[in-house]
Amino acid sequence: MSDQKKNFRLEEFKHREGIDPDKTWTMLEHAIHEIYNQNISGLSYEVLYRNAYNMVLHKFGDKLYSGLVETMTARLKEIARSLEATQGGSFLEEMNKKWNDHNKALKMIREIMMYMDRIYIPHAGKTPVDQLGLNLWRENVIYSNQISTRLLNALLELVYGERTGEVINRGLFRNITKMLMDLGPSVYGQEFETQFLLVSAEFYQAESQKLIECCACGDFLKIAESRMKQEIDRVSYYLDPMTEKKITNVVEKVMIENNLLILIHMDSGLVSMLCNDKYEDLGRMYKLFRRVANGLFKIYEVMTSHIKESGKQLVMDRDRLKDPVEFGVSEDDIEITLDKVMMLFRYLQEKDEFESYYKRHLAKRLLYGKTVSDDVERSFIVKLRTECGYQFTSKLEGMFTDMKTSRDTMQGFYTSHPKLRDGPTLTVQVLTAEVWPTQSIVTCNLPAEMSELCEKFQSYYLGMHMGRKLSWQTDMGTADLKATFGKGQKHQLNVSTYQMCVLMLFNNADRLSYKEIEQATKIPSSNLKSCLQSLALVKKRNVLRKEPMSKDVGEDDAFFVNDKFRSKLYKVKIGTVVAQKESEPEKLETRKRVEEDRKPLIEATIVRIMKSRKLLDHNNLVAEVTKQLQSRFLPNPTAVKKHIESLIEREFLERDARDRKMYRYLY
Amino acid sequence: MKKEDTVKLISAEGFEFVVDKEAAMVSQTIHNMLTSPGSFAERQHGEVTFPEISTTILEKICQYFYWHLQFASGKETEFPIEPELTLELMMAANYLHT
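Residues numbered from 1 in each chain as written. Chains lettered and ligands numbered in written order. Predicted model: local features only at pLDDT ≥ 70, side-chain atom pairs only at ≥ 80, totals over all residues. Heavy atoms only, no water.

## Some points on the overall build of chain B
In terms of helices and strands, chain B carries five helices and three strands. Start at the N end of chain B and walk to the C end: the helices and strands fall as β-β-α-α-α-β-α-α. A compact globule built from 98 residues would reach a C-alpha radius of gyration of about 13 Å, and chain B, at 13 Å, matches this within 12%. Across its three principal axes, chain B shows a C-alpha extent of roughly 40 × 30 × 20 Å. For chain B, with 98 residues in total, the buried portion stands at 47%. Restricting the contact set of chain B to residue pairs at least 6 apart, pairs at least 24 apart contribute 60%. Of the roughly 5,000 Å² of accessible surface on chain B, 53% is carried by carbon and sulfur atoms. Each charge class in chain B can be summarised by its mean position, and for the 7 positive and 15 negative side chains these summaries are 10 Å apart. (Helix = DSSP H or I, 4+ residues; strand = E, 2+ residues; numbered from the N terminus. Rg over C-alpha atoms; globule rule 2.2 N^0.38 Å. Buried < 20%, exposed > 50% of the residue type's maximum accessible area, 1.4 Å probe, protein only. Contact = heavy atoms within 4.5 Å. Areas by Shrake-Rupley, 256 points an atom, 1.4 Å probe, with all protein chains shown as cover. Lys, Arg positive; Asp, Glu negative; His and termini not counted. Charge placed at Lys NZ, Arg CZ, Asp CG, Glu CD.)

Have a look at this one:
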């Protein structure tokens with residue numbers, strides 16, 4: 001009753017009565033048949049169990065076991081025959097029914113033969129009854145040639161039916177799958193799965209071919225996606241889970257991988273999707289292509305070349321080049337445009353170069369009073385600040401402050417010099433040198449009236465602010481002149497400072513040669529030429545007349561006031577002829593200045609990092625510097641290395657004595 | 001006690017023991033008899049005849065069933081076995097898979 005007692009050997013003890021093995025077996029054999037016939041109500045479990053028990057106990061286990069195998073085999077052969085004889089459609093149903101019956105019978109047989117299962121089988125090394133029942137079914141039913149082919153065809157037909165839109169009996173299919181799996185995964189594989197995968201590949205091969213010929217890429221992908229889902233569903237409804245990976249592989253390979261390039265390069269393929277914002281299709285393409293080897297890489301390749309191509313087109317487009325951003329009219333539109341600009345800005349690697357150009361343009365806008373609205377300017381600077389931090393915009397903001405301070409200063413100047421209100425008016429913008437884009441200082445001779453005013457302002461300003469130095473940026477600034485022409489027509493001319501200097505000379509002369517003008521004004525010749533050009537050679541703005549009437553300004557030319565000047569407008573704005581785009585050398589100049597500005601930044605960053613880390617190896621230092629600076633620009637590793645060396649020379653850092661790759665901070 | 005919850009065990013001499021199914025199913029053999037999917041005669045009638053088990057032994061076995069339930073629920077007492085019954089009792093235990 002405990003385990004120990006159960007294992008007690010009973011061999012010496014002989015049972016009260018011997019048994020007749022043949023008679024006992026005949027009785028059991030009959031019972032097995034009755035069980036298969038589902039006619040068991042007349043059978044006593046106790047009697048059957050006791051007989052089987054006694055047979056084992058009296059060493060007739062062999063006879064019992066082989067009898068069972070023989071009887072069951074005979075029964076199954078009979079079942080196979082009847083299955084072979086079933087007509088058409090009911091084959092699978094019949095098989096399923098027979099299989100269920102067999103299982104039920106098997107369970108009962110196992111129970112009455114429990115003692116044999118428990119004692120004889122492990123001892124004699126035979127197959128347990130359960131497994132025996134499965135094996136016999138496999139050998140006699142499934143492996144029967146006719147049944148095997150018929151089963152396979154019936155199953156494949158069902159799958160084909162479902163793929164072409166029929167409704168099939170999934171429950172039945174699931175049962176058959178389960179049967180095959182119960183018989184062993186290899187049975188499922190051999191009898192069904194291998195062929196299933198082959199047939200599926202053929203099916204999808206044919207389907208893709210047809211679709212490629214008549215469908216757009218997006219539709220193809222849609223179908224492929226739904227096919228994929230159908231197959232996954234199919235597996236979950238009635239196939240074994242291990243088939244899922246295999247069948248999706250088939251669909252991926254046949255529908256996607258084999259057609260990868262065709263799909264991408266179709267007229268309705270990747271590029272067309274990108275151009276037409278087909279986000280859903282693109283998403284689908286990504287999801288499907290990522291499943292196959294190289295899929296995403298191909299997308300990547302085509303996308304890269306497309307982006308490069310359209311980028312190039314944008315850059316080459318002359319209209320766009322002139323005005324890359326179309327500004328809207330209303331405040332809201334401007335806001336939206338600015339947000340878009342910020343989007344692009346985020347992708348800039350060299351933000352400091354952007355800053356340098358932006359500063360230059362902003363300076364022009366501010367100084368020439370061309371800003372559309374101060375609010376918009378400020379709002380954009382706030383955006384830049386949010387993106388890049390205070391440091392980045394401090395100079396830009398400084399420019400605004402200068403403008404405001406200058407207004408106040410001018411007000412103060414005129415309050416303290418009330419007499420000056422009658423003469424020409426001077427508006428000075430005092431700019432902090434390091435905040436504004438630096439310009440080489442070119443002075444020119446201002447007309448006497450103006451230079452007098454300038455001196456007054458200078459002494460007023462220096463009187464207010466000790467220790468400052470003012471220098472005049474005569475190449476900037478504008479002037480409004482009142483001019484009276486030959487027949488008495490009056491105009492107000494809006495001109496640049498240089499132009500003003502030139503025009504003022506004509507107050508005292510009718511004819512001036514180029515040389516005379518140059519001498520009187522001391523304007524550098526290149527500036528003077530463009531200045532004269534804009535005064536004399538632009539139609540409807542030609543307040544001067546030139547002799548000879550050539551298209552260029554030469555050093556021997558002479559200039560007159562153009563008495564025939566006419567304009568419908570009272571106010572005439574005379575532009576300056578300037579090159580719209582930077583010339584190559586100017587570009588290099590800007591580039592150099594940007595590089596120059598970077599130097600202290602890189603060095604400061606190196607020192608800051610080393611100060612906190614004390615000891616760091618080269619690669620990590622470069623990486624860290626790059627990381628900290630990337631919001632402004634991408635420092636060149638060689639440049640960083642050069643600065644490290646320069647810092648070592650100046651004894652901020654030293655190399656570690658043992659490891660030359662390590663740097664040590666020295667203060 | 002409801003009839004469905006009990007089972008009648010009949011000894012070789014025809015002596016009947018009515019016990020709870022729960023107790024009787026301590027024996028794996030009886031358990032199979034009463035739960036097998038096909039309904040054998042025993043399940044239909046609610047009685048099992050043991051032509052090879054004597055009344056004395058069957059009685060002892062029934063006592064054991066109940067003792068086993070108690071033991072399993074934590075009441076650890078001795079189960080007395082008279083030496084003269086030992087052998088037959090073991091035979092029956094083997095048969096009943098207890």
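Having put the structure on the table, let's press on.
## Quick look at the side chain of threonine 55 of chain B
Residues and elements named next belong to chain B. Looking at the element boundaries, threonine 55 is found in helix α4 (residues 55-72). Here the side chain of threonine 55 touches glutamate 13 through a polar contact of 2.6 Å, side chain to side chain. Excluding its chain neighbours within four sequence positions, the residues that come into contact with threonine 55 are Ser11, Glu13, Phe15 and Phe17. (Polar contact = N/O pair within 3.5 Å; in protein donor to acceptor, adjacent residues only side chain to side chain.)

## Let's talk about the packing of helix α3 (residues 45-57) of chain A against helix α6 (residues 114-124) of chain A
Packed helices, taken two at a time, are described by their axes: the angle between them and the distance between them. Residues and elements named next belong to chain A. At a minimum axis distance of 8 Å, the contact between α3 and α6 shows a crossing angle of 15 degrees. The orientation of α3 with respect to α6, classified from their angle, is roughly parallel. Read as a crossing pair, α3 and α6 show a hand that is right-handed. Facing α3, whose interface residues are Tyr49, Tyr53, Val56 and Leu57, α6 presents Met114, Tyr115, Met116, Arg118, Ile119 and Tyr120. (Axes fitted to C-alpha atoms, helices over the stretch in contact; angles between N-to-C directions. Parallel < 35°, antiparallel > 145°, perpendicular 65-115°, else oblique. Left-handed = near helix turned anticlockwise from the far one by under 90°.)

## Digging into the domain arrangement of chain A
Residue and element names in this part refer to chain A. On domain assignment, one finds that chain A holds domain 1 (16-143), domain 2 (185-314), domain 3 (338-464), domain 4 (477-577) and domain 5 (587-665). When each unit is reduced to the centre of its C-alpha atoms, the spacing between domain 3 and domain 4 is 27 Å. Between domain 3 and domain 4, the residue contacts involve nine residues of the former and 13 residues of the latter. In total, about 830 Å² of surface goes out of reach between domain 3 and domain 4, with carbon and sulfur atoms giving 67% of it. For the pair domain 3 and domain 4, the number of links is zero salt bridges. Class assignment for the residues of the side of domain 3 that touches domain 4 results in six nonpolar, two polar and one charged. (Domains from an automatic or database assignment. Buried area = accessible area lost by both parts, 1.4 Å probe. Salt bridge = Lys/Arg side-chain N within 4 Å of Asp/Glu carboxyl O. Nonpolar A, V, L, I, M, F, W, Y, C, P; charged D, E, K, R; others polar.)

## Notes on the pairing of strand β4 (residues 544-547) of chain A
Residue and element names in this part refer to chain A. Only one face of β4 is covered, namely the face carrying Leu544 and Lys546; the face carrying Arg545 and Glu547 is uncovered. Both β4 and strand β5 (residues 558-561) contribute to a ladder of four bridges, which runs antiparallel. Each residue of the ladder has a partner; that of lysine 546, found in β5, is phenylalanine 559. (Pairing = 2+ DSSP bridges.)

## Overview of the sheet that holds strand β1 (residues 478-484) of chain A
In a beta sheet, neighbouring strands pair by backbone hydrogen bonds and run either parallel or antiparallel. Residue and element names in this part refer to chain A. One open sheet holds the three strands; their spatial order is β1-β2-β6, and the pairing between them is mixed. What marks the edges here is a single partner per strand, and that holds for β1 and β6 (571-573). Averaged over all adjacent pairs, the angle separating strand axes in this sheet is 25 degrees, with direction ignored. Pairing analysis gives seven bridges linking β1 to strand β2 (residues 490-496), with the strands arranged antiparallel. Residue pairing across strands places aspartate 480 opposite asparagine 494, the latter belonging to β2. Packed on one face of the sheet, helix α23 (residues 497-505) meets β1 and β2 and runs near 130 degrees to β2.

## Quick look at the nonpolar core
Met95, Met116, Phe192, Leu221 and Phe289 of chain A together with Leu9 and Phe50 of chain B are the most contacted members of the largest nonpolar core, which has 121 residues in total. Element by element, the count of residues in this core is highest for helix α5 (residues 91-112) of chain A, at nine residues. Here this core gathers at least three residues from each of two domains, domain 1 (16-143) and domain 2 (185-314) of chain A. Among all residues touching leucine 9 of chain B, those that are not within four sequence positions of it are Phe15, Glu16, Phe17, Val19, Ile30, Val48, Phe50, Leu58, Cys62 and Phe65 of chain B. Ranked by size, the runner-up nonpolar core spans 44 residues in total, among them Tyr414, Phe457, Ala483 and Leu528 of chain A. (Core = buried A, V, L, I, M, F, W, Y, C linked by side-chain atoms within 4.5 Å.)

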